[in-house]
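Notes for the structure review
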Amino acid sequence: MYEYITGRLTFISPSYVVLDVNGIGYQIALGNPYRYSSKMEQSVTIYVQQIIREDAQLLYGFETLAEKELFLRLLSVSGIGPKSGLAIMANEDHQGLIQAIEAGDVTYLTKFPGVGKKTAQQMVLDLKGKLAELVDDPMSLFYEGNDDTALAEALEALQALGYSPKEIKKVEKVLEKETLPNTDDYLRAALKLMMKK
C-alpha cells in the first residue's frame, strides 16, 4: 500500500522512529533507528513495507529501495518473519549477507538472532542465485550525532533486535573500551562484533 513516507523525524527509540506527516505520527520499525540520529526534526524519506497481522498493522522502514527488496526476499523464506528479517537487515553489511547466501555459508547466517541452522539452510536454498541485482547497490549512509548515552542506546537496540542478554554483555565489555561519537557507531560496531563471535 505504501512505497515510502516523507515526514519530520520527531522521535527515535531502540526499535522504531516516528515521522510526523501533517500532524499524524507514523511509527516505523527499523533495524537501526539511530542511523537517523542526526536528522531529528528534519524531513526524511523512509521506504516502508506494511505488514498486517491479526493483532497489529505495522510499518517496517528502509533507507533504500534495495534494502526493502532484500527484506521482502528474506520474508519469502520459511522461518523468517518480519522481526527476524529486520534483525538481519540491522547489520548493514548487506553485501556480506548476500555473499554468504550465494556461498552457502550457513555458519555466517546462523550468527543472526533467530536464525538457526535449519533456517540458514532454507535461506540458501530459497535465495541463492536470486539476489544478484542487489549486490552492487550502495545500501548504507553515514550519520553523525552526539549523545552521552550512546552505548546504552545501542545496547537497548540490540535487545530490541532479539539478541540475548548474555550475547549483549559480551559485546558491552568490548565496546566500553571504545570511544565512539554516537549511538549509530556503537550499534554498527556491536553488530560487527556479533557477526564475529
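Residues numbered from 1 in each chain as written. Predicted model: local features only at pLDDT ≥ 70, side-chain atom pairs only at ≥ 80, totals over all residues. Heavy atoms only, no water.

Side note on the pairing of strand E1 (residues 4–12)
Two elements, E1 and strand E4 (residues 43–52), share 5 bridges in a ladder whose sense is antiparallel. Counterpart to Tyr 4 in the pairing with E4 is Tyr 47. Note: E1 against strand E2 (residues 16–21), 4 bridges, orientation antiparallel. Its bridge partner being in E2, Ile 12 is matched across the sheet by Val 17. Connecting E1 to the antiparallel partner E2 that follows it, the hairpin turn spans 3 residues. (Pairing = 2+ DSSP bridges. Helix = DSSP H or I, 4+ residues; strand = E, 2+ residues; numbered from the N terminus.)

Describing the packing of helix H3 (residues 94–103) against helix H5 (residues 117–127)
Helix-helix packing is characterised by the crossing angle of the two axes and by the distance between the axes. With their axes 8 Å apart at the nearest point, H3 and H5 run at an angle of 85° to one another. For the element pair H3 / H5, the angle class is roughly perpendicular. On H5, the residues that touch Leu 97, Ile 101 and Glu 102 of H3 are Met 123, Val 124 and Leu 127. Residue composition of the contact of H3 with H5, by class: 5 nonpolar, no polar and 1 charged. (Axes fitted to C-alpha atoms, helices over the stretch in contact; angles between N-to-C directions. Parallel < 35°, antiparallel > 145°, perpendicular 65-115°, else oblique. Contact = heavy atoms within 4.5 Å. Nonpolar A, V, L, I, M, F, W, Y, C, P; charged D, E, K, R; others polar.)

Examining the environment of Leu 180
Considering the arrangement of structural elements, one finds Leu 180 in the loop between helix H7 (165–175) and helix H8 (183–196). For Leu 180 and Glu 69, which are 111 residues apart along the polypeptide, the C-alpha to C-alpha distance reads 31 Å. Apart from residues lying up to four places away in sequence, Leu 180 is in contact with Asp 185, Tyr 186 and Ala 189.

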